[in-house]
Amino acid sequence: MSIDVKRTDEGYLANFSDWNKEIGNEIAKEDEIEMTDKHWEVITWIQEQIKLGKALSIRSIKKSGVVDIKEFYKLFPRGLKISTKIAGVEKPKGCI
Amino acid sequence: MKQLLILGAGTSGTMMANHLVKKLNKNEWKITIIDQYKTHYYQPGFLFLPFDTYTEDQVKKKGNKFIPKGVNYIQTKIEQIFPKENKVKLENETINYDILIVATGCKIAPEEIEGMKGKNWQKNIFDFYTYEGSLALRNKLRDWKGGKMLIHITEMPIKCPVAPLEFAFLADSYFTKKGMRDKVEITYVTPLSGAFTKDKCSKSLTYLLDDKNINIETDFAIEHVDNENNKIVDYAEKELDYDLLVTVPTNMGDEVIEGSGMGDDLNFVPTHHNTLQSLENENVFVIGDATDVPASKAGSVAHFQAETLTDNILLYIAGKPLKEEFDGHANCFIETGFNKALLIDFNYEHEPVHGTFPFAGIGPLQLLKESVINHWGKLAFRWIYWNMLLKGIPIPFVGRNMSTKGKKLD
Ligand SMILES: Cc1cc2nc3c(=O)[nH]c(=O)nc-3n(C[C@H](O)[C@H](O)[C@H](O)COP(=O)(O)OP(=O)(O)OC[C@H]3O[C@@H](n4cnc5c(N)ncnc54)[C@H](O)[C@@H]3O)c2cc1C
């Protein structure tokens, strides 16, 4: 399957409303990630945080109660960058 | 008498004392300001101290010099805030307040990362975000023979987010002037996905790193420091060797915020982005590095906030609605080495762009472009800080809200 919804230059979904699990799966494949239940648990948690308007950081992962940071990187070797992409949410903002 | 209490006499607290002493009715309001230290440090100077550009005396002065007459100054540690009871516990007394301004700033917390503040702290691992760290690093650099130098950011947010990059540029310049640049390998290590994560900055400024032969490691989320092998290791098990590690540890609000149950994970106080009122308590206001607002943590930002906050305190006293005015305005010089600097001017909404400042088409300062005049601007900032900023004197031609005049917006 190819992903035929609008994406940014870096491959993030332009609109979260376009997201569904299949699209998440396809994006994961682009990064050679095979999604498991644990992966989805993290993805759901990320989506909840964004809905609550919370900023994501490595520190927030530590407090998530879903995974610890080591485990998080085992699941998503490119960390927040790729997990947010799979979750269909915006890329975490940096400063300047 | 009613009491307005300011916690912290750093950049923000001192500015608020100077603004409010002129505005509040002396027969009704008593203003008290509290800080633990005698000395007021010019923190932007900590960037220059390691390279022997500034001396110790240029970055510190006695704090009470800047507290205006008519303001009660207490030098002591603040132990706990009781926002529901409108009181603050100090070392030896408890003070009640009608209005509280939290200006306790933020500071480094190297103990957050395993091994960072270990046996090599201030031996081959240094910070430059404290006076002591910056001075120790200067002494180290004076006779360092060269090797691998990492300039590292632990996690965001940090105060003055461009300072580590400026440090890298100044290091390049410093070692070149000392005739030993070929003996030093400089690598900039960031948890972000680039040295400049905003698009226009990234496009205009990435050349600087190449030109100066500074390597960059992105997306590095540090897990621990290995003191036996002089390596930093990240969660993805990437390892980087160093001979000299210059790190910016995690920045956190003061413990008093945590102890009072008023902060987030990093002890920053949840604050309204535009009014600067605390989200929890209506008679508590927050300014400067202590807030959780998504603006840069910088002295210039605190200066713009202070103008809005002064108006809002007066509105609050008058029982009127607050102005939702603060727009995240920041105005920062970025030293690029060899006596040049860049200037950026931006806010919550607009990222830094090209143009002229403060006068459209004239300048004299150029936005997002290296120039010698910008460097003079940065050096002049020290004079402006001590003589204008702390006293709450508005900077001519630079308003509290960002102006789009002279900016090349899309
Ligand atoms: C290396 C470096 C370079 C920088 N460069 C620039 C620059 O070029 N331009 C710029 O605009 N900004 C720059 N900054 C940032 C600027 O210095 C800060 O943003 C500014 O000082 C914030 O002011 P503040 O009042 O909020 O906090 P601070 O000035 O840090 O003041 C907080 C005060 O609260 C007191 N305090 C805290 N807790 C307690 C307690 N429990 N009891 C008693 N007292 C307490 C502290 O002692 C301190 O005096 C730089 C900072 C650093 C570290």
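Just so it is clear, the model here is predicted, and its values are computed rather than measured.

A. Seen up close, the interface of chain A and chain B. Contact with chain A, which involves 13 residues of that partner, is made by 23 residues of chain B. Taking both partners together, chain A and chain B bury about 1600 Å²; carbon and sulfur atoms supply 59% of that area. Taken together, the links from chain A to chain B amount to five salt bridges. Close ionic contact of E112 of chain B with R59 of chain A constitutes a salt bridge, the shortest N to O distance being 2.9 Å. Taken together, the connections running from chain A to chain B amount to five residue pairs in polar contact (both at pLDDT 80 or more). Elements represented by at least two residues in the side of chain A that touches chain B include exactly α3 (58-62) and α4 (69-75) of chain A. Here the side of chain A that touches chain B takes four residues from α4 of chain A, the largest share from any one element.

B. Up close: the side chain of N347 of chain B. All names here are of chain B. Structurally, the position occupied by N347 is in the loop between β22 (340-346) and β23 (355-359). In terms of polar contacts, N347 uses its side chain to reach the side chain of D327, at 3.4 Å. Side-chain polar atoms of N347 contact the backbone nitrogen of H350, separated by 2.7 Å. Excluding its chain neighbours within four sequence positions, the residues that come into contact with N347 are D327, G328, H329 and M402.

C. Fine view of the domain arrangement of chain B. All names here are of chain B. Segmentation of chain B into domains returns domain 1 (2-105 + 254-317), domain 2 (109-251) and domain 3 (330-389). For domain 1 versus domain 3, the distance between C-alpha centres works out to 26 Å. Listed per partner, the contact involves 26 residues of domain 1 and 13 residues of domain 3. Buried area between domain 1 and domain 3, summed over both chains or domains, comes out near 1700 Å², and the portion from carbon and sulfur atoms is 68%. The interface formed by domain 1 and domain 3 contains zero salt bridges. For the interface between domain 1 and domain 3, the tally reads five residue pairs in polar contact (both at pLDDT 80 or more). Taken together, the elements giving at least two residues each to the side of domain 1 that touches domain 3 come down to α1 (11-23), β3 (39-41), β4 (60-62) and α6 (299-317). When its residues are assigned to classes, the side of domain 1 that touches domain 3 shows 15 nonpolar, nine polar and two charged.

D. Expanded view of the site of the ligand. Residue and element names in this part refer to chain B. In the region of the ligand, 29 residues are neighbours, and T11, S12, D35, I78 and G299 sit closest. In the environment of the ligand, an oxygen atom lies 3.0 Å from a nitrogen or oxygen atom belonging to the side chain of Q36. Within the contact set of the ligand, an oxygen atom lies 3.4 Å away from a backbone nitrogen or oxygen of A298. The protein chains hide 95% of the 1000 Å² of surface that the ligand would expose on its own. Listing elements by their share of the shell around the ligand, those giving two or more residues are α1, α6 and α7 (372-389). A class-by-class count of the residues in the shell around the ligand yields 11 nonpolar, 12 polar and six charged.

E. View of helix α2 (residues 37-51) of chain A. Residues and elements named next belong to chain A. Taking 1.5 Å per residue, 15 residues should reach 21 Å; α2 reaches 21 Å between its end C-alpha atoms and fits that length. Where α2 is concerned, the buried positions are H39, W40, V42, I43, W45, I46, Q47 and Q49. Among the structural elements, α1 (21-30), α3, α4 and α5 (79-87) are those in contact with the buried residues of α2. Positive phi appears at G53, one or two residues downstream of α2, with a value of about 75°.

F. Examining the environment of Q3 of chain B more closely. All names here are of chain B. Within the fold, Q3 resides in strand β1 (residues 2-7). Residue contacts for Q3: discarding those within four places in its chain leaves W29, K30, I31, T32, I95, N96, Y97, D98 and I99. At 2.7 Å, the side chain of Q3 forms a polar contact with the side chain of T32.

G. Representation of the sheet that holds strand β18 (residues 244-248) of chain B. Strand order in this open sheet of five strands is β11-β18-β12-β13-β14 (chain B), and the pairing throughout is parallel. Of all the strands in the sheet, just β11 (125-126) and β14 (215-217) of chain B have a single pairing partner and so form its edges.

H. Geometry of the packing of α1 of chain B against α6 of chain B. Residue and element names in this part refer to chain B. Between α1 and α6, the shortest axis-to-axis distance is 9 Å and the interhelical angle comes to 35°. Crossing of α1 over α6 shows right-handed handedness. In contact with T11, S12, M15, M16, H19, L20 and K23 of α1, α6 contributes G299, A302, H303, A306, E307, L309, T310, I313 and L314. Of the residues in the contact of α1 with α6, the class split is eight nonpolar, six polar and two charged.

Cut-offs used in this document
- Residues numbered from 1 in each chain as written.
- Chains lettered and ligands numbered in written order.
- Predicted model: local features only at pLDDT ≥ 70, side-chain atom pairs only at ≥ 80, totals over all residues.
- Heavy atoms only, no water.
- Contact = heavy atoms within 4.5 Å.
- Buried area = accessible area lost by both parts, 1.4 Å probe.
- Salt bridge = Lys/Arg side-chain N within 4 Å of Asp/Glu carboxyl O.
- Polar contact = N/O pair within 3.5 Å; in protein donor to acceptor, adjacent residues only side chain to side chain.
- Helix = DSSP H or I, 4+ residues; strand = E, 2+ residues; numbered from the N terminus.
- Domains from an automatic or database assignment.
- Nonpolar A, V, L, I, M, F, W, Y, C, P; charged D, E, K, R; others polar.
- Near = heavy atom within 4 Å.
- Areas by Shrake-Rupley, 256 points an atom, 1.4 Å probe, with all protein chains shown as cover.
- Expected span 1.5 Å × (residues − 1).
- Buried < 20%, exposed > 50% of the residue type's maximum accessible area, 1.4 Å probe, protein only.
- Pairing = 2+ DSSP bridges.
- Axes fitted to C-alpha atoms, helices over the stretch in contact; angles between N-to-C directions.
- Left-handed = near helix turned anticlockwise from the far one by under 90°.

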